[in-house]
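Fold and geometry: a report
What follows is each chain in one-letter form.
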Amino acid sequence: MSNTEAHPAELRAERGPCVDAAGRPVVEVLTARAVPLGGPRAMTVHRTLPQKQRSLIGAWCFIDHYGPDDVAATGGMDVPPHPHTGLQTVSWLFTGEIEHRDSGGVHALVRPGELNLMTGGHGICHSEVSTHSTTILHGAQLWVALPDAARDAPRDFQHYAPPPVDLGGATARVFLGALAGQPSPVPTFSPLLGAELTVEPGARVQLPVSPQFEHGLLVDTAALRLADTALVRRDLGYVGTGVSTLTVTNPTDAPGRALLLGGAPFGEQIVMWWNFVGRSHDEIIAFRDAWQHESDRFGRVDGYRGALARLPAPPLPHGRILPRGNP
């Protein structure tokens, strides 16, 4: 998915621990902001990452959550071909279906419970359109920053349908990394965890996790508790490194669903602007110029039938792009 903000922020990311003196998890609650995705009826997404107080969770650098949206009212998703560099996109749906086309020649359907992971290291472009059969659209679009050694990686696309894993009071679908003894076969360029959790009404689940990872829990439905902190729908609860068990509780009488995202602290500073992840102001300028001049760096998408053949880059900010970091 594209970041369609007219004035996207420029960000540099660092990390900070979130554990108290007794070693108990301290949960930082990140609330979402509404961002119109574009189009005449402006489908809205809710963005929890990046934001001023935190830019990364492991290598996860972008989290958009959307729906459930009535496509008849919102117009659904129709994102024209747009570029990416230095990152991977992770598409995860709860309801609906999205048609994906990219300049690597991939034409695929994104369906609920199935991972679609696109690598746009050196450069790629793609389009995303909800299908005609979709009436309700509901899911998340996530980005992973590529480490310096891999950020020039060639175009790639991976698909995986993870099986459900019984956690006793909850079910997990592990699409990246490993959780509860269930690994994903999809390779990553840095240590990561990505899983959908469905927690039964009234259940309390303890999840063994890597203490070398920091984690975020994005609440999709109902209200959940992470450790002793209440999270409502669209909240992202962040826990820093040094924690080996995460406790998730569903205090409601309905199933609660969330995405658990984690990873080793990235250890590199990045500059992220629009759909590009780079390391400097000059790189971002070069990426934008290459896209605007239809460079072979990004290739082309075949088969997209929207009104706009390609999404133009927004204007650059005045002055040099200055990075920001986490507190």
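Residues numbered from 1 in each chain as written. Predicted model: local features only at pLDDT ≥ 70, side-chain atom pairs only at ≥ 80, totals over all residues. Heavy atoms only, no water.

Heads up, the condition is: UniProt positions are given in the numbering used here, feature names are shortened, and annotations may be inferred rather than shown by experiment.
Looking up the protein in an unreviewed UniProt entry gives the name Pirin, with the organism given as Mycobacterium talmoniae. Listed in UniProt under the heading Sequence similarities (unreviewed entry), the comment for the protein reads: "Belongs to the pirin family."

1. Considering the UniProt feature "binding site: Fe cation" (unreviewed entry) in the protein
Let me state the cut-off plainly: Between buried and exposed lies partly exposed: a residue is buried under 20% and exposed over 50% of the maximum accessible area for its type, with that area taken using a 1.4 Å probe on protein chains only. We count a stretch as a helix when DSSP gives it H or I for four or more residues in a row; a strand needs E for two or more, and each element gets its number in order from the N terminus. Whenever a nitrogen or oxygen atom comes within 3.5 Å of another N or O atom, the pair is scored as a polar contact, on the condition that within protein one atom can donate a hydrogen and the other can accept it, and that pairs from neighbouring residues in sequence are kept only if both atoms are in side chains.
What UniProt calls "binding site: Fe cation" (unreviewed entry) maps, in this numbering, to His82, His84, His126 and Glu128. In summary, the annotated positions, though distributed over 47 residues, converge in three dimensions, the widest C-alpha pair being only 13.4 Å. On the accessibility criterion, His82 (0% relative accessible area) is buried. With respect to the secondary-structure elements, His84 resides in strand S5 (residues 78-84). Taking the relative accessible area as the measure of exposure, His84 reaches 0% and is therefore buried. Side chain to side chain, His84 and His126 meet in a polar contact 3.2 Å long.

2. Re the sheet that holds strand S6 (residues 87-95)
Operational definition: Strand pairing is assigned whenever DSSP identifies at least 2 bridges connecting the two strands. Fitted lines through C-alpha atoms give the axes, limited to the stretch in contact for helices. The angle between two N-to-C directions lies from 0 to 180 degrees.
Taken together, the seven strands give an open sheet; going across it, the order is S2-S3-S4-S11-S6-S9-S12, and neighbouring strands pair in antiparallel fashion. Edge positions in the sheet fall to strand S2 (33-36) and strand S12 (156-160), since each has one partner strand and no second. Averaged over all pairs of adjacent strands, the angle between their axes in this sheet comes to 20°, without regard to strand direction. For strand S9 (residues 115-120) and S12, the ladder comprises five bridges, and the chain directions are antiparallel. By the bridge assignment, Asn116 is partnered in S12 with His159.

3. Describing helix H2 (residues 281-292)
Because each turn of an α-helix spans 3.6 residues, side chains separated by three or four positions in sequence point in the same direction. Selection rule: Helix span, as expected, comes to 1.5 Å for every residue beyond the first. Two residues form a contact once any of their heavy atoms are found within 4.5 Å.
In this model, H2 (twelve residues) spans 17 Å end to end at C-alpha, consistent with the 16 Å of a helix rising 1.5 Å per residue. When H2 is considered as a whole, its buried residues turn out to be His281, Ile284, Phe287, Arg288, Ala290 and Trp291. The inward-facing, buried residues of H2 abut S5, strand S10 (124-130), strand S25 (271-273) and strand S26 (276-278). Glu294 occupies a position one or two residues after H2 and carries a positive phi of about 55°.

4. Let's talk about the sheet that holds strand S19 (residues 214-221)
In any sheet, the strands associate via hydrogen bonds between backbone groups, in a parallel or an antiparallel arrangement. Read from one edge of the open sheet, seven strands run S1-S22-S19-S24-S17-S14-S13, paired in antiparallel fashion. At either margin of the open sheet sits one strand with a lone partner, and together these are strand S1 (28-30) and strand S13 (164-166). The average angle at which neighbouring strand axes cross in this sheet is 25°, direction not considered. Note: strand S17 (residues 192-199) against strand S24 (residues 256-263), eight bridges, orientation antiparallel. If you follow Gly194 over to S24, its bridge partner there is Leu261.

5. Some remarks on the pairing of strand S11 (residues 136-145)
Counting buried residues along S11, nine of its ten residues qualify, which places the element largely inside the surrounding structure. Here S6 runs beside S11; their pairing, made up of eight bridges, is antiparallel. When the sheet's bridge partners are listed, Thr89 is paired in S11 with Trp143.

6. Structural notes on unusual backbone geometry
In this structure, Pro50 follows Leu49 across a cis peptide bond, with omega equal to 0°. The topology assignment puts Pro50 in the loop between strand S3 (44-49) and strand S4 (60-70). Residue Gly67 is joined to Pro68 through a cis peptide bond whose omega torsion reads 0°. Counting through the fold element by element, Pro68 comes out in strand S4. Positioned with a positive phi, Ala222 is a non-glycine residue whose angle comes to about 60°. Along the chain, the position of Ala222 falls in the loop between S19 and strand S20 (224-226). One non-glycine residue with positive phi stands out, namely Trp274, at about 55°.

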